There are 2 protein chains.
Amino acid sequence: MVNGKRPPELRKDPIIGRWVIISTERSKRPTDWNVDEEKKKGGFCPFCPGNEDKTPPEVYAIRSDNSAANTQGWKVRVVSNKFPALQVEGELNRRGEGIFDLMNGIGAHEVIIETPDHFLDLADLPVPQIREIFWAVRERMIDLSKDERFKYILAFKNNGVSAGASLEHSHTQLIATPIVPKRVLEEIQGVRQYYQYKERCIFCDVIRQELQTEKRLVVNHREYIAIEPFAARFPFETWLLPKYHNHRFEDMTYDDALELATIVKDVLKRLNKALETPPYNFIIHTSPLLDQESPEYHWHLEIIPKLTKVAGFEWGSGFYINPTPPEIAAETLRDLSF
Amino acid sequence: MVNGKRPPELRKDPIIGRWVIISTERSKRPTDWNVDEEKKKGGFCPFCPGNEDKTPPEVYAIRSDNSAANTQGWKVRVVSNKFPALQVEGELNRRGEGIFDLMNGIGAHEVIIETPDHFLDLADLPVPQIREIFWAVRERMIDLSKDERFKYILAFKNNGVSAGASLEHSHTQLIATPIVPKRVLEEIQGVRQYYQYKERCIFCDVIRQELQTEKRLVVNHREYIAIEPFAARFPFETWLLPKYHNHRFEDMTYDDALELATIVKDVLKRLNKALETPPYNFIIHTSPLLDQESPEYHWHLEIIPKLTKVAGFEWGSGFYINPTPPEIAAETLRDLSF
């Protein structure tokens, strides 16, 4: 892998128009990222089998043995977050306070416990188990989308303490919000502008170009593709996209879920090997619900290994400085052998 | 100080329209913030007196003793960053790569070394010294703004390793960019929308309301005010604003600089006392340069103590979850006695 210095570049994210500085002045080889591997400590854990009464009651579970709800025997278990960022009860009550605007923090906040095994990470699980996790996310999205107060459901994962995980037992989260998040609105705006101009989906065009040049391609599976985005904000930021246009994650079939699980495991294993099991976040960007549903959108999953610190410049400008060109990250991940 | 649980609220930033979740479910008292105070280690430092040849040559310095450039004797010293995010030489050369857009990473990246004393922090310095630092920022902004390739100059500070500082010797940075950063554009857009509707500056209106209710007021000095913003993204996020409308930081007089230094020291001492010397970032938001200059804007300085981890939900949504209501942060900072 070549990782020499080259002049800095300013690259524009084609979807939301955010500029990113690709600057190799302080570039590092993958092995230079001083990642502190976070060994799981164990100890009491409310997500472990036997402690089902230490969480709010389950709203969904996959149980192959006909065991009763809120007892052991589950493979994947979904519960409300015990310390939710938003709460389910009540009305929105939009109102003013002088020149300011506010509303009640209505929403839902759920946790998908990915495995009964405290010490396994998502990347360690067998593909069929990962499929069940994404299937649980889909089931919960469909159920929550029936609540007309909710405009959006964001699924995300914080893996590792420095990526914001407060419990080490592997889990994914869902937050349903009464407004469409700003980041998603920006993407939809970009998608629509491009569509008006080209009459094509910009994500589909990005996929076509990445498949053609292969410069930023990580892996190309039958139904899904993994790429390093052209204007990656972070080193080894990786996007997984369905190759065929679809705006809703929830439209996924059970067969698709197996394909998705396969590529997620493939990519996480590559990131773990290249970067020595880094902490990471992933987020699923899907269409808003109901009246704001957006068929022009193209759902995708963004993985962000936690390698750099976001500091004053980023907070102040909305600019990001990425020391690893995505072409180098892609080459590194692509060339790994297992 | 009362810090009890209350239902979560969604609050809208009146300037850029970003929604924030104020959620006290996981709220903490200031003393619960588990801040690891970062003791300075010393050792070799390129910013220390005697090592002037270990940095690029100085572009500005305050020397009271008529000492020669790039020797000891300075009080404040400005040099180019040895590992710049952007480079000064060359043309922008905007171009396409298929559907993508990029340009050369042209810009300037300078470091303001705030004191010869390795072990002092900005908050420890006497007010006249802090004045000279902000005066140096102003002088460099004025000089860099003569370069017509630059559209914006962002001044910012990373204090402490976990706030992104790579050298512990206290310093502020300047980055001149060939495009106006997204975050600043969003603020200007908001300011203009409000102006079109109300024919008043929204920052001036915010100041008026905060002075009237005093709920989020930290300190009120003669020329500057410090408040906790209504839709604060982070616990103890604090904004310093000139009380009288002005869009350009660089318009500050030498007298103003003393007033600014006074309130900056006051606020940093309060944050240090309340939060046990937290790592922090600050950023100065001023008007863009040249053809994008915006007289409707109102310059200000944002201080962000580094207390929470930004995780998947924030990256995916652009939403922030703030566990400390700004009213409680303001009350805490206001009520401190020294």
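The model shown is predicted, which means the values in this text are computed figures rather than measured ones.

**Considerations on the overall build of chain A**
Now for step 1: Scanning chain A for helices and strands turns up six helices and 15 strands.
Now for step 2: Over its C-alpha atoms chain A spans a radius of gyration of 20 Å, differing by no more than 12% from the 20 Å that the globule rule assigns to 338 residues.
Now for step 3: Here the C-alpha coordinates of chain A stretch approximately 60 × 50 × 40 Å along the principal axes.
Now for step 4: Of all 338 residues assigned to chain A, the portion counted as buried reaches 49%.
Now for step 5: When contacts within chain A are restricted to residue pairs at least 6 apart in sequence, long-range pairs at least 24 apart make up 69% of them.

**Some remarks on unusual backbone geometry**
Most peptide bonds take the trans form, and the phi angle of most residues other than glycine is negative.
Now for step 1: Despite not being glycine, A:Phe236 shows a phi value in the positive range, around 65°.
Now for step 2: With respect to the helices and strands, A:Phe236 occurs in the loop between strand S11 (224–227) and strand S12 (238–242).
Now for step 3: For B:Glu214, which is not glycine, the phi torsion reads 60° and is therefore positive.
Now for step 4: Secondary-structure assignment places B:Glu214 in the loop between helix H3 (202–213) and strand S10 (217–220).

**Comments concerning the interface of chain B and chain A**
Now for step 1: Counting from both sides, the interface comprises 58 residues of chain B and, opposite them, 58 residues of chain A.
Now for step 2: Elements represented by at least two residues in the side of chain B that touches chain A include exactly strand S1 (9–12), strand S2 (19–22), strand S6 (100–104), strand S8 (152–159), helix H2 (182–198), H3, strand S13 (280–285) and helix H5 (312–317) of chain B.
Now for step 3: Counted by class, the side of chain B that touches chain A contains 32 nonpolar, 14 polar and twelve charged residues.
Now for step 4: As paired strands, strand S1 (residues 9–12) of chain A and S6(B) are joined by four bridges and run antiparallel to one another. Along S6(B), the bridge assignment pairs A:Lys12 with B:Asp101.

**Considering the sheet that holds S1(B)**
Now for step 1: Ordered in space as S5(A)-S6(A)-S1(B)-S2(B)-S15(B), the five strands form an open sheet in which the pairing is mixed. Strands with a single pairing partner mark the edges of an open sheet, and in this sheet they are strand S5 (95–97) of chain A together with strand S15 (320–322) of chain B. Adjacent strand axes in the sheet meet at a mean angle of 35° when their direction is disregarded.
Now for step 2: Where S5(A) meets strand S6 (residues 100–104) of chain A, three bridges bridge the pair, whose relative direction is antiparallel. Each bridged residue has a counterpart across the sheet, and for A:Arg95 the counterpart in S6(A) is A:Leu102.

**Digging into the domain arrangement of chain A**
All names here are of chain A.
Now for step 1: Per the domain assignment, the segments of chain A are domain 1 (14–33 + 181–334) and domain 2 (52–90 + 99–177).
Now for step 2: Relative placement of domain 1 and domain 2: their C-alpha centres are 23 Å apart.
Now for step 3: Across the contact, 27 residues belong to domain 1 and 26 residues belong to domain 2.
Now for step 4: Elements supplying a minimum of two residues to the side of domain 1 that touches domain 2: helix H4 (254–275) and strand S13 (280–285).
Now for step 5: For the side of domain 1 that touches domain 2, the leading source of residues is H4, giving eleven residues.
Now for step 6: Looking at the side of domain 1 that touches domain 2, its residues break down into 19 nonpolar, four polar and four charged.

**Considering the nonpolar core**
Now for step 1: Core analysis: the largest hydrophobic core is formed by 186 residues, its most contacted members being A:Ile21, A:Ile153, A:Leu240, A:Val267, B:Ile21, B:Leu240 and B:Val267.
Now for step 2: Not counting the four nearest positions on each side in its chain, A:Val267 is found in contact with A:Val218, A:Val219, A:Ala226, A:Thr238, A:Leu240 and A:Ile303.

**A short note on the relation of the copies chain B and chain A**
Now for step 1: Expressed as a screw transformation, the operator carrying chain B onto chain A has a rotation angle of 180° and an axial translation of 0.0 Å, and the superposed copies differ by an RMSD of 0.0 Å. In short, the pair behaves as if placed about a two-fold rotation axis. Of every C-alpha in chain B, the one belonging to B:Val310 sits nearest the axis of rotation, 4.5 Å from it.
Now for step 2: Take the interface residues of chain B: 100% of them recur as interface residues in chain A, which is what a same-surface contact looks like.

**Description of the pairing of S1(A)**
Residue and element names in this part refer to chain A.
Now for step 1: Note: S1 against strand S2 (residues 19–22), four bridges, orientation antiparallel. Opposite Arg11, over in S2, you have Val20 as the bridge partner.
Now for step 2: Turn length for the S1-S2 hairpin, with the two strands adjacent in sequence and antiparallel, is six residues, and the turn residue Gly17 shows positive phi of about 75°.

**Focus: H2(B)**
Now for step 1: For H2(B), with 17 residues, the first-to-last C-alpha span of 24 Å sits near the 24 Å given by 1.5 Å per residue.
Now for step 2: Residues B:Val184, B:Glu187, B:Ile188 and B:Val191 constitute the buried set of H2(B). Looking straight down H2(B), one finds that the buried residues subtend no more than 95° of arc, so they occupy a single side. Facing away from the buried surface of H2(B) by more than 90 degrees, the exposed residues are B:Gln196 and B:Tyr197.
Now for step 3: Against the buried residues of H2(B) lie helix H5 (312–317) of chain A together with S8, H3 and S13 of chain B.
Now for step 4: One or two positions beyond H2(B), positive phi appears at B:Glu199, with a value near 60°.

**Some remarks on the sheet that holds strand S12 (residues 238–242) of chain B**
Residue and element names in this part refer to chain B.
Now for step 1: Pairing is antiparallel in the open sheet, where ten strands are placed in the order S3-S4-S7-S9-S8-S13-S14-S12-S11-S10. With partners counted over all chains shown, the strands left at the sheet margins are strand S3 (58–63) and S10, one partner each. Pairs of neighbouring strands in the sheet enclose a mean axial angle of 15°, with direction left out of account.

**Some points on the environment of B:Glu302**
All names here are of chain B.
Now for step 1: When you line up the elements, Glu302 lands in strand S14 (residues 300–305).
Now for step 2: Once the C-alpha coordinates of Glu302 and Asn93 are considered, the two residues, 209 residues apart in sequence, prove to be 33 Å apart.
Now for step 3: Discounting residues that sit within four places of it in the chain, Glu302 has contacts with Glu237, Trp239, Phe282, Ile283 and His285.

**Considering the confidence of the model for chain A**
Any residue range with low pLDDT should be treated as having predicted coordinates unsuitable for detailed reading.
Now for step 1: Looking at chain A as a whole, its pLDDT mean stands at 93, while 96% of the residues score no less than 70.
Now for step 2: Both scores are available for the predicted complex, with the pTM at 0.93 and the ipTM at 0.91.

**Looking at the packing of helix H1 (residues 127–144) of chain B against helix H4 (residues 254–275) of chain B**
Residues and elements named next belong to chain B.
Now for step 1: Here H1 crosses H4 at 115°, and the two axes come no closer than 8 Å. Considering only the axes of H1 and H4, their crossing is right-handed. In this structure, H1 contributes Val127, Ile130, Arg131, Phe134 and Trp135 to the contact, and H4 contributes Tyr254, Ala257, Leu258, Leu260, Ala261, Thr262, Val264 and Lys265.
Now for step 2: When grouped by side-chain class, the residues that make up the contact of H1 with H4 number ten nonpolar, one polar and two charged.

**Concerning the environment of B:Asp101**
Now for step 1: Mapped onto the fold, B:Asp101 is located in strand S6.
Now for step 2: Owing to 18 C-beta atoms within 10 Å, B:Asp101 belongs among the partly exposed residues under this scheme.
Now for step 3: Excluding anything up to four places from it in sequence, B:Asp101 contacts A:Lys12 and B:Gly96.

About the thresholds
Residues numbered from 1 in each chain as written. Chains lettered and ligands numbered in written order. Predicted model: local features only at pLDDT ≥ 70, side-chain atom pairs only at ≥ 80, totals over all residues. Helix = DSSP H or I, 4+ residues; strand = E, 2+ residues; numbered from the N terminus. Rg over C-alpha atoms; globule rule 2.2 N^0.38 Å. Buried ≥ 20, exposed ≤ 12 C-beta atoms within 10 Å, placed from the backbone. Contact = placed C-beta atoms within 7 Å. Nonpolar A, V, L, I, M, F, W, Y, C, P; charged D, E, K, R; others polar. Pairing = 2+ DSSP bridges. Axes fitted to C-alpha atoms, helices over the stretch in contact; angles between N-to-C directions. Domains from an automatic or database assignment. Core = buried A, V, L, I, M, F, W, Y, C linked by C-beta atoms within 7 Å. Least-squares fit on C-alpha atoms with pLDDT ≥ 70 in both. Expected span 1.5 Å × (residues − 1). Arc of directions from axis to C-beta. pLDDT = per-residue confidence, 0-100. Left-handed = near helix turned anticlockwise from the far one by under 90°.

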